Amino acid sequence: MSDSKKHGLETLAIHAGQAPDPVHGAVMTPLVLSSTFAQRSPGEHTGFEYARTDNPTRQTLEKCLAALEGAEQAVAFGSGCASMTTLFQTLRPGDHIVACDDVYGGTFRILDKVFKPMGVETTWVDMTDPNNVKGALRDATKFVWVETPTNPMLKVIDIAKIAELTKDHAAKLCVDNTFATPVLQRPLELGADLVCHSLTKYLNGHSDVVGGVLMTSDAELIEKLRFLQNATGAILSPFDSFMVLRGVKTLPVRMDRHAQSALTLASWLSEQDGVEKVLYPGLASHPQHETAMKQMKAGGGMITAVIEGGLPAARRFLETTELFTLAESLGGVESLIEHPAIMTHGAVPAETRAQLGIDDGLIRLSVGLESVDDLRDDLAAALKAAKG
Ligand code: P1T
């Protein structure tokens, strides 16, 4: 496809970085599994030498993802955690990170258990008040890490405001855009320097790949990330690249429906007896609803709710749903449900979980693409069971 900047997201998702294969005319990007590539003479090759360094299928995916997020380059890794780890490997002992207080449990674990012992400290702040970021910045701060909407409390952080507050500081603003995707939220256009995704979630969208990606137009970061991608080798495999390239083609269509169904279910849930609280950025009752509507096209596909009756009631709820499968992860075509305190956020200390409100009655729903009537019936049956 010629000039990607002229095309809409629906077109980019299907065509960006891709052209029919010049050898056979294959319309779908070939899956190139070769680990090495023939050279005509030492150092004279087609641009591909060894598949850790670069692989045609991964390169095509990286081009497509970069076009979707509006970044100069995308650098793909073997998981969302591998992508974050590689980014933090650009830091040195004494460097500092300011991160939002509610993040995926694995993100907390990387910073607290892997990088803190190596001398990279993180200050955790509630970024729903952007001024808290300003107070936490130090001369040594290299990254400001924002996840929005956050996992699992679905707090919404004002990316443009944080970008404004940090613009005179050398720290780079990084946004984990996994929950919103480039379809619903455009961090780079709002002033962020880098976007991170777990490809495992909406971008692949079919719960059959674990992957991650970093995207940026910052030349200095691109150089460091390309170096580390090759040097430390936490790459996305050709097969997984092929799968994400296939999955991402329907991303814009999927996100519209995820958000539409989630709004319907969140509104319904918030009217039910036995539900203490519903957190969904698209509901007027959400504490940062205004910010959400300013920076997101819709509220997304995730809902967090508190079931009355604590852990016993939450357990009955989670054991009863049939269409909502009890499992970690999110963003697939099928609906999932989970218990953050026991499952995805077990790595977060109990005291921090209590401060954030990740309590025993809290459940998280990833609303899939099934009939929304069937999903509502499934939740109604679970609510009945939860009441005992
Ligand atoms: O699982 P992995 O591909 O390594 O991605 C990590 C990750 C990064 N960022 C966010 C916002 C995430 O939600 C995740 C993974 N999250 C789950 C597995 C989960 O169920 O919340």
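Residues numbered from 1 in each chain as written. Predicted model: local features only at pLDDT ≥ 70, side-chain atom pairs only at ≥ 80, totals over all residues. Heavy atoms only, no water.

Caption draft 1: Quick peek at the nonpolar core. Within the largest apolar cluster, 79 residues are counted, with the highest numbers of intra-cluster contacts made by Leu-65, Leu-87, Phe-88, Ile-97, Met-127, Val-144 and Trp-145. Viewed by domain, this core spans two of them, domain 1 (4-248) and domain 2 (251-386), each represented by three or more residues. If sequence neighbours within four positions are ignored, Met-127 has contacts with Val-98, Ala-99, Cys-100, Val-133, Val-144, Trp-145, Val-146, Ile-157 and Ile-162. With 27 residues, the next largest nonpolar core counts Val-275, Ala-314, Leu-375 and Ala-382 among its residues. (Core = buried A, V, L, I, M, F, W, Y, C linked by side-chain atoms within 4.5 Å. Buried < 20%, exposed > 50% of the residue type's maximum accessible area, 1.4 Å probe, protein only. Domains from an automatic or database assignment. Contact = heavy atoms within 4.5 Å.)

Caption draft 2: Just the sheet that holds strand β4 (residues 141-147), in detail. Here 7 strands make up an open sheet; going across it, the order is β1-β7-β6-β5-β4-β2-β3 and the pairing mixed. A strand with exactly one partner marks an edge of an open sheet, and here the two such strands are β1 (73-77) and β3 (121-125). Pairwise comparison of adjacent strand axes, ignoring direction, gives a mean angle of 20° for this sheet. As paired elements, strand β6 (residues 194-198) and strand β7 (residues 212-216) share 5 bridges and run antiparallel to each other. Note that in β7 the partner of Cys-196 across the bridge is Leu-214. Of the strands in this sheet, β1, β2 (96-100), β4, β5 (172-176), β6 and β7 touch helix α3 (residues 80-88), which is tilted by about 150° from β6. Those strands touched by helix α6 (residues 159-166) are β4 and β5, and its axis lies near 165° from that of β5. (Pairing = 2+ DSSP bridges. Helix = DSSP H or I, 4+ residues; strand = E, 2+ residues; numbered from the N terminus. Axes fitted to C-alpha atoms, helices over the stretch in contact; angles between N-to-C directions.)

Caption draft 3: Fine view of the packing of aromatic side chains. Counted by the stated rule, this structure contains 5 aromatic pairs. Look at Phe-88 and Phe-143: their rings are 6.4 Å apart centre to centre, the planes differ by 50°, and that puts the pair in the tilted class. Placement of the pair is Phe-88 in helix α3 and Phe-143 in strand β4, with a sequence separation of 55 residues. By relative accessible area, Phe-143 is classed as buried at 3%. (Phe/Tyr/Trp six-rings, centres within 6.5 Å; stacked < 30°, edge-to-face > 60°.)

Caption draft 4: Just the domain arrangement of the chain, in detail. Each assigned domain of the chain is listed with its residue range as follows: domain 1 (4-248) and domain 2 (251-386). Listed by partner, the interface residues are 41 residues for domain 1 and 39 residues for domain 2. With both chains or domains summed, domain 1 and domain 2 bury close to 3,400 Å², and 65% of this area falls on carbon and sulfur atoms. The three residues of domain 1 that bury the most area against domain 2 are Met-153, Leu-184 and Tyr-202, which together make up 24% of that side's buried surface. Linking Asp-158 and Lys-294 is a salt bridge whose minimum nitrogen-to-oxygen distance equals 2.7 Å. Of all the secondary structure elements, the ones that give two or more residues to the side of domain 1 that touches domain 2 are α1 (9-15), α4 (105-115), α6 and α7 (181-184). Counted by class, the side of domain 1 that touches domain 2 contains 22 nonpolar, 12 polar and 7 charged residues. (Buried area = accessible area lost by both parts, 1.4 Å probe. Salt bridge = Lys/Arg side-chain N within 4 Å of Asp/Glu carboxyl O. Nonpolar A, V, L, I, M, F, W, Y, C, P; charged D, E, K, R; others polar.)

Caption draft 5: Geometry of the site of the ligand. In the neighbourhood of the ligand, 19 residues make up the surrounding shell, with Asp-176, Ser-198, Thr-200, Ser-329 and Arg-364 lying closest. A distance of 2.8 Å separates an oxygen atom of the ligand from a polar side-chain atom of Ser-198. The contact in question runs from an oxygen atom of the ligand to an N or O atom on the backbone of Ser-329, over 2.8 Å. Top contributing element to the shell around the ligand by residue count: α3, with 3 residues. Counting contributing residues per domain, the shell around the ligand is built from domain 1 (4-248) and domain 2 (251-386), each supplying no fewer than three. (Near = heavy atom within 4 Å. Polar contact = N/O pair within 3.5 Å; in protein donor to acceptor, adjacent residues only side chain to side chain.)

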